[in-house]
Amino acid sequence: DIVLTQSPVLAVSLGQRATISCRASQSVSISSINLMHWYQQKPGQQPKLLIYRASNLASGIPARFSGSGSGTDFTLTIDPVQADDIAAYYCQQSRESPPTFGSGTKLEIK
Amino acid sequence: QIQLVQSGPELKKPGESVKISCKASGYTFTNYGMYWVKQAPGQGLQYMGWINTETGKPTYADDFKGRFVFFLETSASTAYLQINNLKNEDMATYFCARFPYWGQGVMVTVSS
């Protein structure tokens, strides 16, 4: 299975930039298609898609969220961070079955 | 719009069984596989497996072979997860997902 590694916690100040990383144990890209996705999960809620295929903003998601990366290294950026962004963020790959998730990064306010 | 609506919270004793439903709407049920994801309290997302909604064939992740059963009621566009012989470590929230769409989750509490 493809293992996705995330840092457990990231603390940032409101109004600043948050950069959340996800490293895959093997490439999750096919040609130019990067099969990495990002979800936001708030307590008591289901995960919500933020970014699909590494850099595409999901419908209704604010433009302060963006994604980048290819191969094995991917980044979710939130700029500027707002209070409503306090949540856990998960990367997920769909390159191979089974689809696997990162362990999640909890975004905290400094 | 696409929706996955799951059944309500469950309180069970160790050794009992629980059946969780996931009713899909807004798309053709048999065109997409249905996935199941476990989230233990305070923990991350764990893939449990998926069921082919066209054939009914389930595929289980290694940690979920044996006591876990995925099945369908295709006429009702509903997928089910049944957990038999519940253990304390089964206490979690269980999500169905037709990625990137998710049900709201079902919290299963296991307590004697």
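Quick summary incoming for the structure in this document. Please read all numbers here as calculations on a predicted model, not as lab measurements. Within any chain, residue numbers begin from 1 and follow the written order of that chain's sequence. The order in which chains are written sets their letters, starting at A; the order in which ligands are written sets their numbers, starting at 1. In keeping with the predicted nature of the model, local features appear solely for residues at pLDDT of at least 70, side-chain atom pairs appear and are counted solely at 80 or more, and the whole-chain, interface and lining totals rest on all residues. The side-chain values count all of the structure's non-hydrogen atoms but skip hydrogen atoms and water molecules.

So, on to the sheet that holds strand β1 (residues 3-6) of chain B. Residues and elements named next belong to chain B. Paired strands, as defined in this entry, are two strands with at least two bridges between them according to DSSP. A run of H or I in DSSP counts as a helix once it spans at least four residues, and a run of E counts as a strand once it spans at least two, with each numbered from the N terminus. The 4 strands are arranged β1-β3-β8-β7 in an open sheet whose pairing can be described as antiparallel. At either end of the open sheet lies a strand with only one pairing partner, and these are β1 and β7 (68-73). Across this sheet, the average inter-strand angle for adjacent strands is 20°, counted without regard to direction. Bridge count between β7 and strand β8 (residues 78-83): 6 bridges; the pairing is antiparallel. Opposite Leu72, over in β8, you have Ala79 as the bridge partner. Working convention: axes come from line fits to C-alpha atoms, limited for helices to the stretch in contact. Angles between N-to-C directions cover 0 to 180 degrees.

Once that is clear, we can look at the sheet that holds strand β9 (residues 65-70) of chain A. Residue and element names in this part refer to chain A. In space, the 4 strands of this open sheet follow the order β1-β3-β10-β9, with antiparallel pairing throughout. With partners counted over all chains shown, the strands left at the sheet margins are β1 (4-5) and β9, one partner each. Of the pairings in the sheet, the one linking β9 to strand β10 (residues 73-78) comprises 6 bridges and is antiparallel in character. Its bridge partner being in β10, Ser68 is matched across the sheet by Thr75.

A few words now on the side chain of A:Ser29. Residue and element names in this part refer to chain A. Among the structural elements, Ser29 can be located in strand β4 (residues 29-30). For Ser29, a relative accessible area of 16% corresponds to the buried category. Within 3.5 Å is the distance limit for a polar contact, defined as a pair of N or O atoms, with the added protein rule that one can donate a hydrogen and the other accept it, and that residues adjacent in sequence qualify only through two side-chain atoms. Among the polar contacts made by the side chain of Ser29, one reaches the main-chain amide nitrogen of Gly71 at a distance of 2.9 Å. Setting aside residues no more than four positions away along its own chain, Ser29 makes contact with Asn34, Ser70, Gly71, Phe74 and Arg95. Exposure categories follow from relative accessible area, calculated using a 1.4 Å probe and restricted to protein chains: below 20% of the type maximum is buried, above 50% is exposed, and the middle band is partly exposed. The criterion used for residue contact is that any of the two residues' heavy atoms lie within 4.5 Å.

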